[in-house]
Amino acid sequence: MTTAAPAVHGPTRIPGVLGALTSTDHKRIGLNLGLLSLVFFLVGGLFALLMRAQIAQPDVQFVSDQTYSQLFTMHGSTMIYLFVTPMALAMALYLVPLQIGAVSLAGPRLALIGFWIWLSGGLVMQSGWLTGDGAGRDGWFAYEPLANGTNTPGVGQDMWVIGVMLAALGMTAMAACVAATIARRRAPGMALLRMPVFTWTALVSVLMVVASFPVLILAMSLMYIDRHGGHIFSGFNGAIDYQDLFWFFGHPVVYVMFFPYLGAAAEVVAVCSHKRWFGHTAFVASIMAFAALSMSVWAHHMFTTGGVTNQYFAFTSTALVVPAGIEYFDMVGTMVGGSIVLRTSMLFALMFFIQFLIGGLSGIFLASPVLDYHVEDSYVVIAHFHYTLFAGSVFGFFAGVYHWFPKVTGAHLRDSWGRIHLVLLAVGTNLTFFPMFFLGQDGMPRRISRYPAHPGWGTLNLLESIGAGIIALGVLSFLVNVVVSLRRRQPAGDDPWQGHTLEWATSSPPPAYNFELPLPPIRSYAPLLDRRHEQLDRAGASP
Amino acid sequence: MVQVGLLAPPGALVDTRHEYDHLFSIYVPIAVAVFALVVLAIGFAVLRYSRRAPSQAARWHEHNRLEGGYALALALVVVFLLYLTFSAEHRVDTVAAHERPALTVDVTGAKWEWQFYYPAYGITARSGTVGRQPLVVPVGEAIRFNVSTIDVIHAFWIPQLRYKRDLIPGTTESATLLFDRAGSFPGQCAEFCGLRHADMVFTVRAVNPAQFAAWARAGGKGVPS
Ligand SMILES: [Cu+2]
Ligand SMILES: [Cu+2]
């Protein structure tokens, strides 16, 4: 049985920018969120370049200490609250309804208001730069009591608190809509275990958002009260209480910033191998376990406080090896026996898996309290999470961009620019982040604006700063690629890659209610591949 | 300096640097091997399966028994790593805490200075934005550091000992450390604590016990070389 999507009149159309910004079409909301996240990515990247300029060499003062603390705070906050997390949600908002054969999002107005709340949060946070004492300056996790009104007075830090609160609230609303869509809007035949890999990764992510972001909103509310004479965190154990609240959000968000990009890279590997994702059931089980564990590892950020049960959190954190190992096994299993095409998207996806592995393996070290006692708050940690978030997630994001750009715009991105983009980004990333392992091991703490000329530190830091410049060139080449590809369009057609999932069964870009033609029968998590196999078999049976 | 080995029978006291290096030396080869294995597997798959027609692609896509066995193997690796980690942590956290210290130093952090108080001798040394008096300690002895803060969170980090401890408002935590050789050990606040966090540094000067005793008798005047 196939289902016909309702070919009714589209939503009420308001022309122009206002229309685009108020549309309740999930594709429009997803695109707007994605585009604005990308703008924040450029802003956060600029902060990083300024930081790298300050610490390129020992004992120089390019920006003041005060400015430097704002730069690292706003770099981290912008990247986490305003780029990697919302971009993951943007991809989910755009793709999930298409992948499950839904004509629209559940709760589209809630998603739209969520988008606006998130954007206001971003603007409030960034507006801190315009205040007298500047933007937030206590780091992206703003520990108490440093962040209270006595130690960090000023409107800029208040705006940071409110900005984070709003961004989290908006993202929670959007995530809830994605979860509800998966629960209620799947096409007939789309059983849970027939949902594509990306949709599954999006589902566990939005569930983690819904479960953990409210705790961040709470922590920020309490912090706001605390900053204005409430003395919430000044009592016994208050500093530890804040950290428990914050990291109860702060670790799960790490996986929200990972899973959808893992899902994107997985879809790319499967499609570019002409073989469906290997071990789908085991994969689904493993990411559920992954998500459950990741809600119970938060205090591995607190091993050096003496205020938590280190062994328990070392156990849960090290146990993440098992589901992570399954993911890699499934990725290799997908390629083996396939027919691999090394498209730009595939190269990005493979780089995602290889580079993320460095982040993941270094994470096992950090899960060991004895090793963490040394490297916590050092550049080893910076190297570790940039290998997961930048070398990992951002590469997965670009794999997804090269893969789905034709679906979203109807035009291909240029492969030539794509390869330049990949090489620059890969070289820059490793040049920037690998030396940090050595610096951290050698005793360089994070968040210092100046450092003495220890042997080797100047050289390694200079290399890192050069690497950051190369990353910037890589991002620039991506922007050039987008502009060139949209100016002189190479039409892609509806299904340029022989896709496996339902978003490739509609036009590019998809129409207002997603599907104008009847959906193909859904008998597995790769319905279009099933159809192709049937055609092949029929052609083979009667040549 | 030369008497270190005589003064401290090796193995008697917990040595954080040794514990770290031992654990690290087991974790690193495992990580490198896993990385190499995955890269080789990806490289092999790409080389072997990239020049085939799409219609030649295999259709098998599941092997739950294989994955179950694989997950079990991974779980065993986890158990192995946790065994190593827990036994190292037992020594660093529990065994060391039961050692009888030869010296106790009260370490107090404040924006942006360290205060090292020697209760047995009534000596106070300060380092950070206020100056650079070293933290003088004897080599080869267990030293108990009671760390606390009067304002925000700081962290007492001696990179060469591979150890740090956070200074949490409202509590006093302790750490028992051993300096296994004479010389200078740089130290630094590792938790961002505001504007001049970068200047919250100190130097540990580890000297032989006789020199330390002389230094302490002189009321902490002068820096033994
Ligand atoms: Cu974590
Ligand atoms: Cu400090």
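Just so you know, these numbers come straight off a predicted model, no measurement behind them.

Notes on the overall build of chain A
Next, step 1: Along its length, chain A carries 18 helices and zero strands.
Next, step 2: When the 543 residues of chain A are sorted by exposure, 66% land in the buried category.
Next, step 3: Total accessible area on chain A is roughly 17,500 Å²; 69% of this is exposed by carbon and sulfur atoms.
Next, step 4: Computed over 27 positive and 26 negative side-chain charges, the inter-centroid distance for chain A is 14 Å.

Let's talk about the pattern of salt bridges
Next, step 1: In this structure the tally under the stated criterion is 15 salt bridges over all chains.
Next, step 2: In this structure, the salt-bridge partner of R59(B) is D537(A), at a minimum N-O distance of 3.1 Å. Of the two residues, R59(B) sits in the loop between helix 2 (16-49) and helix 3 (64-95) while D537(A) sits in helix 18 (residues 527-541), which places them in two different chains.
Next, step 3: A salt bridge links R165(B) to E173(B); the nearest nitrogen and oxygen atoms lie 2.9 Å apart.
Next, step 4: The class of R165(B) is buried, set by a relative accessible area of 10%.
Next, step 5: The network of salt bridges with common partners includes D65(A), R450(A), R196(B) and D199(B).

A look at the coordination of the copper ion (ligand 1)
Residues and elements named next belong to chain A.
Next, step 1: Distances from the copper ion (ligand 1) to its protein donors, namely H251 (ND1), H300 (NE2) and H301 (NE2), fall within the range 1.7 to 2.1 Å.
Next, step 2: Considered as a linear motif, the donors of the copper ion (ligand 1) on their single chain read H-x48-H-H. Grouping residues by exposure puts H300 and H301 together as buried.

Describing the coordination of the copper ion (ligand 2)
Residue and element names in this part refer to chain B.
Next, step 1: Coordination sphere of the copper ion (ligand 2), protein contribution only: H154 (ND1), C189 (SG), C193 (SG) and M200 (SD), at 2.1 to 2.6 Å.
Next, step 2: For the copper ion (ligand 2), the four donor atoms are set out with angles of 86 to 123 degrees between them, so the coordination reads as tetrahedral.
Next, step 3: All donor residues of the copper ion (ligand 2) come from one chain, and their arrangement in sequence is H-x34-C-x3-C-x6-M. Taken as a pair, C189 in strand 10 (residues 183-189) and M200 in the loop between strand 10 and strand 11 (201-207) lie far apart in primary sequence, 11 residues in all. In this structure, C189 and M200 share a single accessibility class: buried.

A closer look at the confidence of the model for chain A
Next, step 1: Averaged over chain A, the pLDDT score is 95; the fraction of residues at 70 or greater is 97%.
Next, step 2: Here residues 1-9 of chain A is a poorly scored stretch, pLDDT under 50, and it has 15 contacts once near neighbours within four places are set aside; other chains count.

Structural notes on the sheet that holds strand 5 (residues 135-138) of chain B
Residues and elements named next belong to chain B.
Next, step 1: Pairing in this open sheet of five strands is mixed, and the strands run 5-11-10-7-8 from one edge to the other. Edge positions in the sheet fall to strand 5 and strand 8 (163-167), since each of these pairs with one other strand and no more. Neighbouring strand axes in the sheet, compared pairwise and without regard to direction, differ in orientation by 25 degrees on average.
Next, step 2: Bridge analysis of strand 7 (residues 154-158) against strand 10 gives two bridges, and the strand direction is antiparallel. Bridging across to strand 10, F156 finds its partner in C189.

Details of the interface of chain B and chain A
Next, step 1: The interface of chain B with chain A comprises 69 residues on the first partner and 85 residues on the second.
Next, step 2: Carbon and sulfur atoms supply 69% of the area that chain B and chain A bury against each other, a total of about 6,600 Å² over both sides.
Next, step 3: Considering only the surface of chain B that becomes buried against chain A, R59(B), E67(B) and F192(B) emerge as the three largest contributors, covering 10% of it.
Next, step 4: On inspection of chain B and its partner chain A, the count reaches two salt bridges.
Next, step 5: In this assembly, chain B and chain A are joined by 22 residue pairs in polar contact (both at pLDDT 80 or more).
Next, step 6: When residues of the side of chain B that touches chain A are traced back to their parent elements, those giving at least two are helix 2, helix 3, strand 8 and strand 10 of chain B.
Next, step 7: Per-element accounting of the side of chain B that touches chain A gives the leading share, 16 residues, to helix 3 of chain B.
Next, step 8: Considered class by class, the residues forming the side of chain B that touches chain A number 44 nonpolar, 10 polar and 15 charged.

The rules we used
Residues numbered from 1 in each chain as written. Chains lettered and ligands numbered in written order. Predicted model: local features only at pLDDT ≥ 70, side-chain atom pairs only at ≥ 80, totals over all residues. Heavy atoms only, no water. Helix = DSSP H or I, 4+ residues; strand = E, 2+ residues; numbered from the N terminus. Buried < 20%, exposed > 50% of the residue type's maximum accessible area, 1.4 Å probe, protein only. Areas by Shrake-Rupley, 256 points an atom, 1.4 Å probe, with all protein chains shown as cover. Lys, Arg positive; Asp, Glu negative; His and termini not counted. Charge placed at Lys NZ, Arg CZ, Asp CG, Glu CD. Salt bridge = Lys/Arg side-chain N within 4 Å of Asp/Glu carboxyl O. Donors = N, O, S within 2.8 Å, 3.2 Å for Na, K, Ca; no water. Tetrahedral: all angles 85-135°; square planar, octahedral: opposite > 155°, others 65-115°. pLDDT = per-residue confidence, 0-100. Contact = heavy atoms within 4.5 Å. Pairing = 2+ DSSP bridges. Axes fitted to C-alpha atoms, helices over the stretch in contact; angles between N-to-C directions. Buried area = accessible area lost by both parts, 1.4 Å probe. Polar contact = N/O pair within 3.5 Å; in protein donor to acceptor, adjacent residues only side chain to side chain. Nonpolar A, V, L, I, M, F, W, Y, C, P; charged D, E, K, R; others polar.

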